[in-house]
Amino acid sequence: LYKQYIQLRPKDELGYVGLGDTEYLAAGDGDQAIAIWTAGRKKVGDSMTLLLRIAEAQANSSQFDELKNTLSDVEKSIQQLDQGNDRQRNWAVASMSLFRGKMLLAERQPLAAIPHLKSAANFGNPNGRDRVGQNRSIAFSAWTALGETYRELDRAKDAADAFDHALELKPNHEATVLASAEAW
């Protein structure tokens, strides 16, 4: 279906997003998804959505050298966004903070990662509540990463607080419920 959509509308990012998501989420093939999203960027032009999908897949598959380059492209794209596009800018900045935090954690730099993760966790709302959709997903991922980071640093109260914030966003997330209980 998505391949047909791309043939009909080769300059529309939605076909590439859908096809890449299908490969990445359904088939678990991050490299194939990255290839699809990269091809889409060549056809569509500068697409923040495709660029952030690439960064997310790279972060989740520990492709940190590639991620550094992608995050550099994200920063350039953010600078080029129109002034009236605050919603997309904020989403891109929060996503970039989350991925940069994850990269620093993988490089065993937890103290350097914390400010990036806090920024992503508080995306769109300084008290970390009342988010929907992608905003909620970014914040949840950041809060759980913060909880894990604080736990590794033997900061039990900070870890428990971070996991509790994550649970406010996804109350029935079993692994986070257990992590929160263990932290307390």
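Up top you'll find the structure we're talking about.
Quantities reported herein were computed from a predicted structural model and do not represent experimental measurements.

A. Spatial organisation of the nonpolar core. Grouped together as the largest cluster of nonpolar side chains are 41 residues, with contacts concentrated most on Met48, Leu67, Phe99, Trp143 and Leu146. Put simply, the parts of the chain that give this core at least two residues each are helix H4 (48-60), helix H5 (64-80), helix H6 (86-106), helix H7 (110-121), helix H8 (133-152), helix H9 (156-169) and helix H10 (174-183). Residues contacting Leu146, with those up to four places away along its chain left out, are Ile114, Leu117, Lys118, Ala121 and Ala162. Core analysis: the second largest hydrophobic core is formed by 12 residues, Ile6, Leu19, Trp37 and Leu50 among them.

B. Representation of the side chain of Arg89 in the model. Relative to the helices and strands, Arg89 is located in helix H6. Here Arg89 sits buried without a salt bridge, and the closest side chain of opposite charge, Asp86, lies 4.1 Å off (N-O distance). Of the polar contacts made by the side chain of Arg89, one reaches the backbone oxygen of Leu81; its length is 3.2 Å. For Arg89, the contacting residues outside a window of four places in its chain are Ile78, Leu81, Asp82 and Gln83.

C. Region of the structure containing the pattern of salt bridges. Under the defined criterion, the tally for this structure stands at seven salt bridges. A salt bridge links Asp158 to Arg155; its shortest N-O distance comes to 2.9 Å. Look at Asp158 and you get partly exposed, because its relative accessible area is 28%.

D. Spotlight on the layout of surface pockets. What the second largest pocket holds in volume is close to 260 Å³. For the second largest pocket, the full set of lining residues is Lys102, Leu105, Arg108, Pro110, Ser141, Thr144, Ala145, Glu148, Thr149 and Glu152. Every element with two or more residues in the lining of the second largest pocket is listed here: H6 and H8. Sorting elements by how many residues they give to the lining of the second largest pocket places H8 first, with six residues. The class makeup of the residues in the lining of the second largest pocket is three nonpolar, three polar and four charged.

Reading the values: the criteria
- Residues numbered from 1 in each chain as written.
- Predicted model: local features only at pLDDT ≥ 70, side-chain atom pairs only at ≥ 80, totals over all residues.
- Heavy atoms only, no water.
- Core = buried A, V, L, I, M, F, W, Y, C linked by side-chain atoms within 4.5 Å.
- Buried < 20%, exposed > 50% of the residue type's maximum accessible area, 1.4 Å probe, protein only.
- Helix = DSSP H or I, 4+ residues; strand = E, 2+ residues; numbered from the N terminus.
- Contact = heavy atoms within 4.5 Å.
- Lys, Arg positive; Asp, Glu negative; His and termini not counted.
- Salt bridge = Lys/Arg side-chain N within 4 Å of Asp/Glu carboxyl O.
- Polar contact = N/O pair within 3.5 Å; in protein donor to acceptor, adjacent residues only side chain to side chain.
- 1 Å grid on protein atoms, 1.4 Å probe; cavity = no way out; pocket = protein on both sides within 12 Å on 5 of 7 lines; lining within 4 Å.
- Points joined across faces, edges and corners; volume = space filled by probe spheres on them.
- Nonpolar A, V, L, I, M, F, W, Y, C, P; charged D, E, K, R; others polar.

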